[in-house]
Amino acid sequence: MLLKFSKMHGLGNDFMVVDLVSQRARIYPDQVRSLADRNFGIGFDQLLVVEPPGDPDMDFRYRIYNADGSEVEQCGNGARCFARFVYDKRLTSKKEIQVETAGGNIELRLTDDGWVTVDMGAPRLIPEQVPFQAAEQASCYDIEVDGNHYQIGAVSMGNPHSVMVVDDVDTAPVDVLGPAIESHPRFPNRVNAGFMQVISRNEVRLRVYERGAGETLACGTGACAAVVAGRIQGLLDNEVQVHLPGGTLRIEWQGEGSPVLMTGPATRVFEGQIYL
Ligand SMILES: N[C@H](CCC[C@H](N)C(=O)O)C(=O)O
């Protein structure tokens, strides 16, 4: 079966995007893993799939698979690329697009400067909703890793995030602590592990070791979760520039119960086709 795809990225977060609205195909987890294999496949952090909506009030369903084949609830950088893809491919003429994901419904807004603002919905802070094992909700939790103790925030943007404040992201032990936190037993569904350096109340630097993909050049939901965690710890204001290795996102959050808004670019790289 021949499958057409687009290669896209959001600040270096690397995607393969396939349209299953106009192409009749089915993709299975083992196929995802082989497509992600940078030696024999196309290589990506996540595979993004465009499908017809289940809910007639929505425009599309948006399915997301990590490079390890795991299907996940949300992908922020991918949402911006999704909007660019469906508009440029003329699957919609709308510039405000309602999308159904496993982690909740989101709204994608294409702006005239070619960027995209995504209403990511309200963050979930109740431990059971992250999910994270904790006796009660708090802005900060103590976790133990290899006998050492660390303070983290636990936030869901539909997908689970841990956020650790560090003095310097360049020297943070992301390669060691990232995988250890990703598979920490208190996160029953694993977790994306963020490391945040606070520059000011409106500016942070962030690195994210992503669940199912490893460290990426950018993580959209990670940027949202970092701002939420920083704000509830009293470190940040409502609008924050988040500097990731691949570039900067603008994140806005007015506080508990409000949606998180993420604004940034979406870039097409090449078109391709592959025989599955
Ligand atoms: N690795 C994430 C999914 C992709 C998130 C990231 N690429 C983004 O831009 O939000 C997870 O397992 O929840």
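Residues numbered from 1 in each chain as written. Predicted model: local features only at pLDDT ≥ 70, side-chain atom pairs only at ≥ 80, totals over all residues. Heavy atoms only, no water.

This part is about helix 1 (residues 29-36). Of all the residues in helix 1, the buried ones are Gln-31, Val-32, Leu-35 and Ala-36. The arc that holds every buried residue of helix 1, seen down its axis, measures 135°, which confines them to one face. Buried residues belonging to helix 1 abut strand 2 (13-19), strand 3 (46-51), strand 4 (60-66) and strand 18 (267-275). (Buried < 20%, exposed > 50% of the residue type's maximum accessible area, 1.4 Å probe, protein only. Helix = DSSP H or I, 4+ residues; strand = E, 2+ residues; numbered from the N terminus. Arc of directions from axis to C-beta. Contact = heavy atoms within 4.5 Å.)

Before going further, it helps to spend a moment on the nonpolar core. Counting 52 residues, the largest nonpolar core has Tyr-62, Leu-108, Val-242 and Ile-251 as the members making the most contacts within it. For this core, the element with the highest residue contribution is helix 4 (residues 220-232), accounting for seven residues. Built from parts of two domains, this core gets at least three residues from each of domain 1 (2-110 + 265-275) and domain 2 (127-258). With near-sequence residues (within four places) excluded, Leu-108 lies in contact with Ala-79, Phe-82, Ala-83, Lys-95, Glu-96, Ile-97, Val-99, Thr-117 and Val-118. Of all hydrophobic cores here, the second largest spans 20 residues; its members include Phe-132, Val-145, Ile-181 and Val-191. (Core = buried A, V, L, I, M, F, W, Y, C linked by side-chain atoms within 4.5 Å. Domains from an automatic or database assignment.)

A separate point is the site of the ligand. The environment of the ligand is made up of 15 residues, and the closest members are Asn-13, Gly-76, Arg-211, Gly-220 and Thr-221. A distance of 3.0 Å separates an oxygen atom of the ligand from a polar backbone atom of Asn-77. In the model, a nitrogen atom of the ligand is placed 2.8 Å from a nitrogen or oxygen of the Glu-210 side chain. The protein chains hide 100% of the 370 Å² of surface that the ligand would expose on its own. Elements with a contribution of two residues or more to the shell around the ligand: helix 2 (76-88) and helix 4. Grouping the amino acids of the shell around the ligand by side-chain chemistry returns three nonpolar, 10 polar and two charged. Inspection of the shell around the ligand shows a minimum of three residues originating in each of domain 1 (2-110 + 265-275) and domain 2 (127-258). (Near = heavy atom within 4 Å. Polar contact = N/O pair within 3.5 Å; in protein donor to acceptor, adjacent residues only side chain to side chain. Areas by Shrake-Rupley, 256 points an atom, 1.4 Å probe, with all protein chains shown as cover. Nonpolar A, V, L, I, M, F, W, Y, C, P; charged D, E, K, R; others polar.)

Take helix 4 next. Under the 1.5 Å per step criterion, the end-to-end length of helix 4 is 19 Å for 13 residues, consistent within 8% with the ideal 18 Å. Of all 13 residues making up helix 4, 11 are buried, and the element is well covered by its neighbours. All of the buried residues in helix 4 are Gly-220, Thr-221, Gly-222, Ala-223, Cys-224, Ala-225, Ala-226, Val-227, Val-228, Ala-229 and Gly-230. Taken from the residues just after helix 4, Gly-234 is the one with a positive phi, measuring 75°. (Expected span 1.5 Å × (residues − 1).)

Right, let's talk about the confidence of the model for the chain for a bit. A low pLDDT means the predicted coordinates there should not be read in detail. Taken over all residues, the pLDDT of the chain has a mean of 96, while the share at 70 or more is 100%. At the level of chain-chain contacts, confidence expressed as ipTM amounts to 0.98, with global pTM at 0.97. (pLDDT = per-residue confidence, 0-100.)

What the rule picks out here adds up to five aromatic pairs. With centroids separated by 4.9 Å and ring planes inclined at 65°, the aromatic side chains of Phe-132 and Tyr-141 adopt a geometry described as edge-to-face. Judged by relative accessible area, which is 3%, Phe-132 ranks as buried. Centroid distance Phe-132 to Phe-187: 4.6 Å. Interplanar angle 35°. Geometry classified as tilted. (Phe/Tyr/Trp six-rings, centres within 6.5 Å; stacked < 30°, edge-to-face > 60°.)

The subject of this paragraph is the domain arrangement of the chain. Taken domain by domain, the chain comprises domain 1 (2-110 + 265-275) and domain 2 (127-258). One C-alpha centre belongs to domain 1, the other to domain 2; they are set 24 Å apart. Taken together, the contact between domain 1 and domain 2 spans 18 residues of the former and 20 residues of the latter. The largest share of the area that domain 1 buries against domain 2 comes from Leu-11, Glu-73 and Gln-74, three residues that together contribute 40% of it. (Buried area = accessible area lost by both parts, 1.4 Å probe.)

Looking at where Val-169 falls in the secondary structure, it is placed in the loop between strand 11 (160-165) and helix 3 (174-182). With a relative accessible area of 3%, Val-169 lands in the buried category. Residues Val-169 and Val-204, spaced 35 residues apart in sequence, show a C-alpha to C-alpha distance of 9.9 Å. Not counting the four nearest positions on each side in its chain, Val-169 is found in contact with Phe-195, Met-196, Gln-197, Arg-205, Leu-206 and Arg-207.

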